[in-house]
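# What the coordinates show
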Amino acid sequence: MLNAKNGRLHLETGEMDYIRFGNGPRTFVMLPGVGDGLKTVKGMAVPFAALYRAMLKDFTVYAFSRRRVLVPGMTTRDMAADLNRAMEALGLRDAAVLGVSQGGMIAQWLAIDYPDKVGKLVLAVTLSRPNATMEECIRVWTDQAHNGDYRGIMVDTARRSYSPAWAKKQMRMYNLLGSVGKPKSFERFLIQAESCVTHDSYAELGRITCPTLVIGGTDDQIVTGEASREIAAQIPGCKLYMYEGLSHGLYEEAPDFIDRVMAFCH
């Protein structure tokens, strides 16, 4: 029923981890945020299938990490080129694509540069060009990464991502994750974090022609709610939905998030 698979692609630019689950007729692609630099999707096919079980009948879902070895100076546009290679290798086209945070930055370039790969596009809690809020977050996290402070990254992410009540409930888990999941190296994370600071697709968003939904939180403490509104205003015919009072982790906190995404992508 789950049709769950953990896979690794051998691309011309390097190896890339991905997972697949579900049996539906429509292809759905998920792109996670900058946390992928700390832990890839390797081994997560069954947990993801359980978490997104509402999608199993309608979609065959793929989630892609960035390539395992990143080159310093890589941009989100470079990462979109890697994703295009991965989708070519798997024969995926006209997919519904959900990009979250940094995944949304990559998804923007995928839709701009490789429009045949994207049938519908959902950009959640992301931005099209740097702003002061995001730059401050990245500075804090990169300082912590340089100091090997994995727990600090986890706790600060939770503090910024959720409403106060939700953050209080989640903090124990994030403290635990910060104690047991430290990566061997922070190099991938640092490269991905830098690519967020240099991301700038704003002037080219008008080239996105597929149906697009932008989802943001009014109280987003990482990319800001204004960043979501700014993207929606630049993409022709774009739909926008803002979650009042929620921050960057709304895709976990809002109970109707995945239903909203599925409704748009059908």
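Before going into details, it helps to say that this report is about the structure given with it. As the structure is a prediction and not an experimental result, all values here were calculated from the model.

Once that is clear, we can look at the pairing of strand β8 (residues 239-243). As judged from the five bridges shared by strand β7 (residues 212-217) and β8, these two strands associate in the parallel manner. Residue pairing in the sheet places Ile215 in a bridge with Tyr241 of β8. The parallel pair β7 and β8 is bridged by helix α8 (residues 225-234), and the resulting crossover is right-handed.

Here helix α5 (residues 150-161) is twelve residues long and its end C-alpha atoms lie 17 Å apart, about the 16 Å a rise of 1.5 Å per residue gives. Along α5, nine of the twelve residues are buried, which leaves the element largely enclosed by surrounding structure. Along α5, the positions that sit buried rather than exposed are Tyr150, Gly152, Ile153, Met154, Asp156, Thr157, Ala158, Arg160 and Ser161.

A few words now on unusual backbone geometry. The phi dihedral of Asn3 falls on the positive side, at around 50 degrees, and the residue is not glycine. Tracing the backbone shows Asn3 in the segment before β1 (5-11). Residues other than glycine seldom take positive phi values, yet Thr224 does so here, at roughly 80 degrees. Among the secondary structure elements, Thr224 is positioned in the loop between β7 and α8.

One open sheet holds the eight strands; their spatial order is β1-β2-β4-β3-β5-β6-β7-β8, and the pairing between them is mixed. Edge strands, defined here as strands with exactly one partner in the open sheet, are β1 and β8. Sheet twist, expressed as the average angle between the axes of neighbouring strands with direction ignored, equals 20 degrees. Of the strands in this sheet, β3 (26-31), β4 (59-67), β5 (95-100) and β6 (118-124) are in contact with helix α3 (residues 102-113), which crosses β5 at around 140 degrees. Running at roughly 155 degrees to β6, helix α10 (residues 257-265) makes contact with β3, β4, β5, β6, β7 and β8 of the sheet.

Rules of the game
Residues numbered from 1 in each chain as written. Predicted model: local features only at pLDDT ≥ 70, side-chain atom pairs only at ≥ 80, totals over all residues. Heavy atoms only, no water. Pairing = 2+ DSSP bridges. Helix = DSSP H or I, 4+ residues; strand = E, 2+ residues; numbered from the N terminus. Right-handed = clockwise from strand over helix to strand, strands pointing away. Expected span 1.5 Å × (residues − 1). Buried < 20%, exposed > 50% of the residue type's maximum accessible area, 1.4 Å probe, protein only. Axes fitted to C-alpha atoms, helices over the stretch in contact; angles between N-to-C directions. Contact = heavy atoms within 4.5 Å.

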